[in-house]
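Structural characterization, general
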Amino acid sequence: MDSSKVFISLFTLVKVIICLCSIQAVSASQSNLFREYIGAEFKNVKFSDVPVYSNVDFHFILSFAIDYGTSSSPSPTDGNFSVFWDTDNLSPDDVSAIKSQHPNVKVALSLGGATIGDGQHVYFQPSSVDSWVSNAVSSLTDIIQKYHLDGIDIDYEQFHADPDTFSQCIGKLTSTLKKNGVISFASIAPFDDDDVQSHYQALWNSHGQLIDYVNFQFYAYARGTTVDQFMDYFAQQRRNYNGGKILASFISDGSGGLAPQDGFFTACTRLRSEGQLGGIFVWCADDSKAEDFQYEKQSQALLATPR
């Protein structure tokens, strides 16, 4: 074979390899995952109230476990987490029952949240990396094992610590829980705010390999977001969390972002056709119950439909 033919053959091989890598990258970012936060608003919602389609991967996310005390004037506890969701309706037995009834269901807990009690802000406030991680691993292991949970979600929204400290704490916590076999997945829930993004992008840049899903709060954008704006926002967050599985999201009460009735599913269909939809998540089941979970049903139907 002469040299020109060898060159052409090698060039063709390289093009094929690049094409295959692109296909794999698209496939890695796409899934049929549906996730729903539940329990934060104490509206007596139960797992069994929420429709679960058998041909999607379904995650309930209990909201919240918080490292604050449980007194009437709670204060930070340096990683000693307590349960702050509706345990009357979302107990360990309830977790076992829904997972037994639906083998495609997993249940996680979310850490932090925005407020506690009567609107008091929740802050990420460790006294040191080592003490916070030690306390968090111990307290969360107890809660996760008691409630038969599968993963964690990181949803701190205010910080009394710099991005590097946040990154070290959450990275070491996630790594230890995974290494110990306590959890099988982890997600983060950032939104478009400079301080929030600085913390979560520091975590992503140093420990992104530990984060399985990015529950980006697209509903934190202004109410009345258009489909084209949503697509731009999604593309921006794919760049910010490069290589991550980014989920689209809406809020049940329609107070922000792109609402389901205004084109959310149009945007999701476009993302899915481009191989970019990492799944859909909803805040939250507590509010969706009043609407008979109509958009949860539509979300799962979309995710379950073959492309």
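Residues numbered from 1 in each chain as written. Predicted model: local features only at pLDDT ≥ 70, side-chain atom pairs only at ≥ 80, totals over all residues. Heavy atoms only, no water.

As annotated in an unreviewed UniProt entry, the protein chain carries the name Chitinase 2-like and comes from Coffea arabica. The protein chain has a UniProt comment under Sequence similarities (unreviewed entry) that states "Belongs to the glycosyl hydrolase 18 family." (UniProt positions renumbered as here; feature names shortened; annotations may be inferred.)

Let us now look at the overall build of the protein chain. Helix and strand counts for the protein chain come out as nine helices and 11 strands. Relative to a compact globule of 307 residues, whose C-alpha radius of gyration would be 19 Å, the protein chain shows 21 Å and is just as compact. Dimensions of the protein chain, computed from the C-alpha atoms along their principal axes, are close to 80 × 45 × 40 Å. Burial analysis of the protein chain (307 residues in total) assigns 53% to the buried set. Here the protein chain has roughly 13500 Å² of accessible surface; of this, 49% comes from carbon and sulfur atoms. Looking at the protein chain, you have 20 positive and 35 negative side-chain charges, and the mean spots of the two groups are 11 Å apart. (Helix = DSSP H or I, 4+ residues; strand = E, 2+ residues; numbered from the N terminus. Rg over C-alpha atoms; globule rule 2.2 N^0.38 Å. Buried < 20%, exposed > 50% of the residue type's maximum accessible area, 1.4 Å probe, protein only. Areas by Shrake-Rupley, 256 points an atom, 1.4 Å probe, with all protein chains shown as cover. Lys, Arg positive; Asp, Glu negative; His and termini not counted. Charge placed at Lys NZ, Arg CZ, Asp CG, Glu CD.)

Let's shift gears to unusual backbone geometry. In this structure, the amide linkage connecting Ser-63 to the following residue, Phe-64, adopts the cis form with an omega of 5°. Mapped onto the elements, Phe-64 comes out in strand S2 (residues 57-66). Omega for the bond connecting Trp-283 with Cys-284 falls within 30 degrees of zero, at -5°, which places this linkage in the cis form. Tracing the chain through its elements places Cys-284 in the loop between strand S11 (280-283) and helix H8 (285-288). In the Ramachandran plot, Phe-293 falls in the positive-phi region, its phi being about 55° despite a non-glycine side chain. Tracing the backbone through its elements, the reader meets Phe-293 in the loop between H8 and helix H9 (294-304). With relative accessibility at 2%, the residue Phe-293 sits in the buried group.

Time to look at empty space enclosed by the protein. Evaluated as defined, the whole model comprises one cavity of 30 Å³ or more. Estimates place the volume of the largest cavity at around 40 Å³. Every residue along the wall of the largest cavity is listed here: Phe-250, Ser-252, Ser-288, Glu-291, Tyr-295 and Glu-296. (1 Å grid on protein atoms, 1.4 Å probe; cavity = no way out; pocket = protein on both sides within 12 Å on 5 of 7 lines; lining within 4 Å. Points joined across faces, edges and corners; volume = space filled by probe spheres on them.)

Okay, the side chain of Asp-287 next. As for its placement among the helices and strands, Asp-287 is situated in helix H8. The contact partners of Asp-287, leaving out residues within four places of it in the chain, are Glu-41, Lys-43, Ser-252 and Asp-253. (Contact = heavy atoms within 4.5 Å.)

This part is about the packing of aromatic side chains. Scanning the entire structure with this criterion turns up 30 aromatic pairs. For the pair Phe-124 and Tyr-156, a centre-to-centre distance of 5.1 Å together with 75° between the ring planes defines the contact as edge-to-face. Linking Phe-124 in the loop between strand S6 (120-121) and helix H3 (129-147) with Tyr-156 in strand S7 (residues 151-156), this pair joins segments that are 32 residues apart in sequence. For Tyr-156, a relative accessible area of 0% translates into the label buried. Seen in terms of ring centroids, Phe-124 and Phe-166 are 5.2 Å apart; in terms of plane orientation they differ by 90°. Their pairing is edge-to-face. Separated by 42 residues along the polypeptide, Phe-124 in the loop between S6 and H3 and Phe-166 in helix H4 (residues 163-179) bring together distant segments of the chain. Taking the relative accessible area as the measure of exposure, Phe-124 reaches 0% and is therefore buried. (Phe/Tyr/Trp six-rings, centres within 6.5 Å; stacked < 30°, edge-to-face > 60°.)

Working note: α-helix, 3.6 residues per turn, so residues spaced by three or four point in the same direction. The terminal C-alpha atoms of H3 lie 26 Å apart, and with 19 residues this matches the ideal 27 Å at 1.5 Å per residue to within 8%. Residues of H3 that are buried include every one of Val-129, Trp-132, Val-133, Ala-136, Val-137, Ser-139, Leu-140, Thr-141, Ile-143, Ile-144 and Tyr-147, and no others. Those residues of H3 that are buried lie in contact with S2, strand S3 (82-83), helix H2 (92-101), strand S4 (105-113), S7 and H4. Positive phi shows up at His-148, right after H3, with a value of about 60°. (Expected span 1.5 Å × (residues − 1).)

A complete count under the given rule lists seven salt bridges for this structure. Lys-43 is paired through a salt bridge with Asp-287; the nearest N and O atoms lie 2.5 Å apart. In this pair, Lys-43 is assigned in the loop between strand S1 (33-38) and S2 and Asp-287 in helix H8, connecting sequence segments 244 residues apart. Taking the relative accessible area as the measure of exposure, Lys-43 reaches 41% and is therefore partly exposed. Residue classification places Asp-287 among the buried positions, given a relative accessible area of 15%. Salt-bridge contacts for Asp-292 lead to Lys-297; the nearest nitrogen and oxygen are separated by 3.2 Å. In the salt-bridge network here, residues are joined through shared partners; they are Glu-41, Lys-43 and Asp-287. (Salt bridge = Lys/Arg side-chain N within 4 Å of Asp/Glu carboxyl O.)

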